[in-house]
Amino acid sequence: QVQLVESGGGLVQAGGSLRLSCAATGRTFSTYAMGWFRRIPGKEREFVAAIDTNGVSTWSTSSVKGRFTLSRDNAKNTVYLQMNSLKPEDTAVYYCASARPGYHFSYFFVSQISSYDYWGQGTQVTVSS
């Protein structure tokens with residue numbers, strides 16, 4: 001069974017940075033797209049970004065694009081979400097997920113929760129004013 005473990009969350013002041021990591025085991029990591037989602041208090045879980053097997057990223061339409069960057073290190077079975085210029089509205093639990101195999105990489109696919117078959121348990125990010 002695939003296991004995903006997020007780390008790197010914490011408390012940071014507005015304008016600061018955090019780097020989230022997601023380490024995967026139990027799957028040939030390099031052959032799967034990976035996604036990041038977040039759940040803001042009082043809201044449904046929402047898509048943040050995804051990265052394909054070649055390192056090409058697809059972003060949500062939210063304000064995270066331009067402030068966050070996404071990368072993967074297939075040799076380490078790890079994906080990273082670098083978060084800069086953090087805002088209080090970024091406060092959320094952040095989740096990484098491994099995409100189902102055999103699908104075309106598109107915004108329609110990667111932005112849907114149902115496109116992922118394995119999820120981490122999340123890491124809390126809190127941004128103070």
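Data block above holds the structure.
Residues numbered from 1 in each chain as written. Predicted model: local features only at pLDDT ≥ 70, side-chain atom pairs only at ≥ 80, totals over all residues. Heavy atoms only, no water.

## Some details on the pattern of salt bridges
Rules: Only one rule defines a salt bridge in this text: a Lys or Arg side-chain nitrogen within 4 Å of an Asp or Glu carboxyl oxygen. Throughout, exposure labels follow a simple rule: accessible area from a 1.4 Å probe, protein chains only, divided by the maximum for the residue type, with under 20% read as buried, over 50% as exposed, and the rest as partly exposed. Helix and strand labels come from DSSP, where a helix needs a run of H or I of at least four residues and a strand needs a run of E of at least two; each type is numbered from the N terminus.
Within the structure shown, the criterion is met by three salt bridges. A salt bridge links R38 to E46, with the nearest nitrogen and oxygen atoms 2.8 Å apart. For E46, a relative accessible area of 26% corresponds to the partly exposed category. D90 is the partner of R38 in a salt bridge, and the nearest nitrogen-oxygen pair spans 3.1 Å. Placement of the pair is R38 in strand β4 (residues 34-39) and D90 in the loop between β8 (78-83) and β9 (92-99), with a sequence separation of 52 residues. Across the pair, exposure class does not vary: R38 and D90 are buried alike.

## Concerning the sheet that holds strand β7 (residues 68-73)
For clarity, the cut-off: Any two strands between which DSSP finds at least two bridges are classified as paired. Axis angles are defined between N-to-C directions and span 0 to 180 degrees, where every axis is a line fitted to C-alpha atoms and, for a helix, only to the segment in contact.
On the basis of which strands lie adjacent, the open sheet formed by four strands has the order β1-β3-β8-β7 and antiparallel pairing. The outermost strands of the open sheet, each flanked by one partner alone, are β1 (3-7) and β7. Between one strand and the next, the sheet's axes are offset by a mean angle of 15 degrees, whatever the strand orientation. Here β1 runs beside strand β3 (residues 18-25); their pairing, made up of five bridges, is antiparallel. When the sheet's bridge partners are listed, L4 is paired in β3 with A24.

## Focus on the side chain of S21
Short version of the rule: Residues are treated as being in contact if the distance between any of their heavy atoms lies within 4.5 Å.
Turning to its location among the elements, S21 is positioned in strand β3. Aside from chain neighbours lying at most four places away, what touches S21 is V5, E6, S7, W36, T78, V79 and Y80.

## Digging into unusual backbone geometry
Here the phi dihedral of N77 falls at roughly 55 degrees; this positive angle occurs in a residue that is not glycine. According to the relative accessible area criterion, N77 is partly exposed, its value standing at 26%. Positive phi is not limited to glycine here, since S85 has a value of about 50 degrees. Among the structural elements, S85 can be located in the loop between β8 and β9.

## Brief notes about the environment of W59
As for its position among the elements, W59 is in strand β6 (residues 57-59). It is 17 Å that separates the C-alpha atoms of W59 and S114, two residues lying 55 residues apart in sequence.

## What about the nonpolar core?
Soluble, globular proteins show a tendency: their nonpolar side chains are buried together. This is how it is decided: Buried Ala, Val, Leu, Ile, Met, Phe, Trp, Tyr and Cys residues form a nonpolar core when they are joined through side-chain atoms within 4.5 Å.
Grouped together as the largest cluster of nonpolar side chains are 27 residues, with contacts concentrated most on W36, W59, F68, L81, M83 and Y94. Of all the elements in the fold, those that place two or more residues in this core are β3, β4, β5 (46-51), β7, β8, β9 and β11 (123-128). If one sorts the elements of this core by residue count, β3 sits on top with four residues. Those residues in contact with F68 that sit more than four places away from it in its chain are R38, V48, W59, L81, Q82, M83, N84, L86, D90 and Y94. Formed by nine residues, the second largest nonpolar core is a distinct cluster that contains F47, A50, F109 and V110.

## Considerations on the packing of aromatic side chains
Worth spelling out the cut-off: Put simply, two rings from Phe, Tyr or Trp (the six-membered ring, in Trp's case) pair if the centres are within 6.5 Å, and we call them stacked under 30 degrees between planes, edge-to-face over 60, tilted for the rest.
Counting across every chain of the model gives five aromatic pairs. Note on F37 and F47: the rings are 5.5 Å apart at their centroids and 65 degrees apart in plane angle, and the pair reads as edge-to-face. Pair noted here: F37 is in strand β4 and F47 is in strand β5, with a separation of ten residues, a long-range link. With relative accessibility at 1%, the residue F37 sits in the buried group. Consider the rings of F37 and Y116, whose centres lie 5.2 Å apart with planes at 85 degrees: the pair is edge-to-face. Taken together, the residues F37 in strand β4 and Y116 in strand β10 (residues 116-119) connect sequence positions 79 residues apart. Through successive ring pairs, a cluster of aromatic residues spans F37, F47, Y107, Y116 and W119.

Geometric values such as these leave the question of function open.
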